[in-house]
Amino acid sequence: MLQRQPPPNIIQLNQLITLIVKMKQYSTALSLYKQTKLMGIPTDLYAMNISINCHCRLDQVAYGFALLATILKQGHQPDLATYNTLINGLVLADRVFKAVELFKKLLREKVCEPDQFMYGTVINGLCKVGNTSKALELLRFMESGSCKPVVAQYNAVIDSLCKDRMVDHALELFAKMTEKGVLANIITYNSLIHGLCNFGRETEAAKMLRDMEEEGVSPTVVTFTILVNAFCKQGSVKDAELAVQAMVRRGLNPDVITYNALIDGYCLRGEVDNAEKVIDRMMEQDIVPDIITYSSLINGYCKKKQVSKARHLFQEIQDKGLIPNVVSYSSMIQGLFESGNPAAAKELFKEMQAKGLTPTVLTYGILFQGMCNNSQCFDALALFRSLESNKMMNDAGLYTILINGCSKCGKPDLAMDLFDELLSKGLKPNVRTYGVMIRVYCEEGLLVKGKDLLRKMEENGCLPNSFTYNVIVRELLKKNESGEAEIYLEEMINRGFMPDHATFENILVRIPNVGKDSRLRTIVQKLTSVERKEGRNLI
């Protein structure tokens, strides 16, 4: 086109290059503009805007701003499209706060009147970096101005609120949006259903699905898959199967993601036979299982102690051309450790690294746990020290596994040193870390330290759980400090926790004969009455 005589004008070139940009051939588009410049074909603002967009898409936002300077030098006036492109470029480059600064400058200096696209870009950017409160503020600002928000802007904030575990706030915004006459779409409903499911509120999510259908919005495969996944994670595979049936009745075909959720649900319940039947259903519908499908099944076999089956499948999928991922390897490593084959587990870990797969925190957790359970806590600690990743070295969960492992390997001093190291790094222990350390202190006869730590964890915003209380109560009873044990017992009961079997046995042997007053007897009577009401049995 550039070779023809007379040469094409800039309008014709812009039309051609626009098509090239739609094909995401940004470098080609920029090369063509460079050639037009060399040929002396005069450019225009539209061409400059396209060039800015291409640079931004190639993560060259600085060149985009250089072109803005060129526009101004040539005496042109940048338009709304110019600034929209630059703001979008900054968001794409993860420079959201720079995008916000530019947006504020445009408003403050009244350079241009922002449109739906500009507001939407800034709101999406703020949500992207987790600054949902600022995104919500901007949405409110839009509502008070002439450029009213549409469903896309509401969707971005609703989704971000759900991801921030503020699903009730998301529901409130949804209600206000509909009151203003903005109609929700499938994206709105999927975000809310997902948010509700993440909070274990599947009943409300199912009701929302019915509500959306009444509003004329048809659920998609994604909608039902969200529900199937949620039911499976709650252990309600029957409800998940009903959700699959409901989607089929609506003419929707479950995809590999839907079936993967179902398979994982069965495997989590230990129902591997049913998981295999789901794979058969997939095959009948010409849906090819992927590595996630097989990883769930491998994990299911390992949980059922069917490690030979897991190993066979692990090899079979590689023969089929599938490449095991970190999850597949982690499940196999755990299965080998738990089946009493630590050497094979460590060998598989080396193979995984040799294949270029980066172990996750979960992988290292499985490895350290397995090594410690096989009396290899020094090896586990040496491997932990060799890690180059600060993320791994600063993970409280890995410290907890090593602290627990060292204590069970008969190295309580090492466990205590690790706990001190964790605190010196400014890491925040979780409830399991505290529970393990309280147990270590109690086993070493340091009951006072254990009680102090129980109070400190509360001061640090970490509430004790059933395990923590049971450890303290048992240790107090062993030391015949029944009075103090009674105080902790009542505290744990008032918080909704119950003594476990070992604690309850310790309580029973310390209740005096009938006729003598005993606070412990009163506590036991209170416990047994609660248990009878709930239809449970303590012993």
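Parameters at a glance
Residues numbered from 1 in each chain as written. Predicted model: local features only at pLDDT ≥ 70, side-chain atom pairs only at ≥ 80, totals over all residues. Heavy atoms only, no water. Helix = DSSP H or I, 4+ residues; strand = E, 2+ residues; numbered from the N terminus. Buried < 20%, exposed > 50% of the residue type's maximum accessible area, 1.4 Å probe, protein only. Contact = heavy atoms within 4.5 Å. Lys, Arg positive; Asp, Glu negative; His and termini not counted. Charge placed at Lys NZ, Arg CZ, Asp CG, Glu CD. Phe/Tyr/Trp six-rings, centres within 6.5 Å; stacked < 30°, edge-to-face > 60°. Disulfide = S-S within 2.5 Å. Expected span 1.5 Å × (residues − 1). Arc of directions from axis to C-beta. Salt bridge = Lys/Arg side-chain N within 4 Å of Asp/Glu carboxyl O. Axes fitted to C-alpha atoms, helices over the stretch in contact; angles between N-to-C directions. Parallel < 35°, antiparallel > 145°, perpendicular 65-115°, else oblique. Left-handed = near helix turned anticlockwise from the far one by under 90°. Polar contact = N/O pair within 3.5 Å; in protein donor to acceptor, adjacent residues only side chain to side chain. Patch = residues over 30% accessible without salt bridge, like charges linked within 9 Å, V, L, I, M, F, W, Y side chains within 5 Å. Areas by Shrake-Rupley, 256 points an atom, 1.4 Å probe, with all protein chains shown as cover.

Our focus in this paragraph is the overall build of the protein. Across its full length, the protein carries 31 helices and zero strands. Referenced to the eigenvectors of the C-alpha coordinate spread, the extents of the protein come out at roughly 110 × 60 × 55 Å. A burial count over the protein gives 48% of its 539 residues as buried. Considering only contacts within the protein whose residues lie at least 6 apart along the sequence, 57% involve residues at least 24 apart. Put simply, the protein has 64 plus and 60 minus side-chain charges, and the middle of one group is 3 Å from the middle of the other.

Turning to the environment of Gly75, a few remarks are in order. Here Gly75 lies in the loop between helix H4 (61-73) and helix H5 (80-92). With a relative accessible area of 64%, Gly75 lands in the exposed category. Separated by 301 residues in sequence, Gly75 and Gln376 have C-alpha atoms that sit 74 Å apart.

Attention shifts here to the packing of aromatic side chains. Within the structure shown, the criterion is met by eight aromatic pairs. Judged by centre distance (5.7 Å) and plane angle (70°), the rings of Phe174 and Tyr189 are edge-to-face. Taken together, the residues Phe174 in helix H10 (residues 167-179) and Tyr189 in helix H11 (residues 186-198) connect sequence positions 15 residues apart. With respect to class, Phe174 is no different from Tyr189; both count as buried. Measuring from centroid to centroid gives 5.1 Å for Phe314 and Tyr329, while their planes differ by 80°, and the two rings are edge-to-face.

The next subject is the state of the cysteines. Under the definition given, this model contains zero disulfides. Among the cysteines around Cys127, which has no disulfide bond, Cys162 carries the closest sulfur, lying 11 Å off. Exposure remark for Cys127: the relative accessible area of 16% places this residue in the buried category.

By secondary structure assignment, the location of Leu173 is in helix H10. Excluding residues within four positions of it along the chain, Leu173 makes contact with Leu136, Leu139, Arg140, Tyr154, Val157, Ile158 and Leu161.

Turning to unusual backbone geometry, a few remarks are in order. Within the chain, Asp94 stands out as a residue other than glycine whose phi angle is a positive 60°. Structurally, Asp94 can be placed in the loop between H5 and helix H6 (96-108). The phi torsion at Asn480 lies on the positive side, around 60°, for a residue other than glycine. Mapped onto the elements, Asn480 comes out in the loop between helix H28 (466-478) and helix H29 (482-494).

Let us now look at helix H20 (residues 342-354). Its 13 residues give H20 an end-to-end C-alpha distance of 18 Å, which sits within 8% of 18 Å, the value for a rise of 1.5 Å per residue. Every buried residue of H20 is listed here: Pro342, Ala344, Ala345, Leu348, Phe349 and Met352. All buried residues of H20 project into a common sector of 160° when viewed along the axis, lining one side. Opposite the buried face of H20, by more than 90 degrees, sit the exposed residues Ala343, Glu347, Lys350 and Ala354. For H20, the elements touching its buried residues are helix H18 (307-319), helix H19 (326-338) and helix H21 (361-373).

The full count for this structure, using the stated rule, is 21 salt bridges. A salt bridge links Arg201 to Asp168, with the nearest nitrogen and oxygen atoms 3.0 Å apart. Here the residue Arg201 occupies a position in the loop between H11 and helix H12 (202-214), and Asp168 occupies one in helix H10, the gap between them amounting to 33 residues. A relative accessible area of 19% places Arg201 in the buried class. For Asp168, a relative accessible area of 43% puts it in the partly exposed group. The network of salt bridges with common partners includes Arg455, Glu458, Glu491 and Arg495.

For the rest of this paragraph, the subject is the packing of helix H26 (residues 431-443) against helix H27 (residues 447-459). At a minimum axis distance of 7 Å, the contact between H26 and H27 shows a crossing angle of 165°. The orientation of H26 relative to H27 falls into the category roughly antiparallel. By crossing handedness, the relation of H26 to H27 is classed as left-handed. For the pair H26 and H27, the contacting residues are Val431, Tyr434, Met437, Ile438, Tyr441 and Cys442 in the first and Leu447, Lys449, Gly450, Leu453, Leu454 and Met457 in the second.

Let us look at helix H1 (residues 10-22). An ideal rise of 1.5 Å per residue puts 18 Å on 13 residues; H1 measures up with 18 Å between its terminal C-alpha atoms. For H1, the full list of buried residues reads Ile10, Leu13, Asn14, Ile17, Ile20 and Val21. Projected down its long axis, H1 carries its buried residues within an arc of 120°, all on one side. Relative to its buried face, H1 has exposed residues pointing more than 90 degrees away, namely Ile11, Gln15, Leu19 and Lys22. In this structure, the buried residues of H1 make contact with helix H2 (26-38) and helix H3 (45-57).

A word on the packing of H28 against H29. Where H28 contacts H29, the two axes come as close as 8 Å, and the packing angle between them is 160°. Between H28 and H29, the angle is such that the two are roughly antiparallel. For the pair H28 and H29, the crossing hand works out as left-handed. Of the residues in H29, those touching H28 at Tyr469, Asn470, Ile472, Val473, Leu476 and Leu477 are Ser482, Glu484, Ala485, Tyr488, Leu489, Glu491 and Met492.

Another point: the side chain of Asn470. In this fold, Asn470 is placed in helix H28. A relative accessible area of 2% places Asn470 in the buried class. Side-chain polar atoms of Asn470 contact the backbone nitrogen of Asp500, separated by 2.9 Å. Only 2.7 Å separates the side chain of Asn470 from the side chain of Thr503, close enough to count as a polar contact.

Judged by side-chain charge, Asp413, Asp417, Asp420 and Glu444 come together as a negatively charged surface patch. Secondary-structure assignment places Asp420 in helix H25 (residues 412-424).

Taken by themselves, the reported measurements are silent on function.
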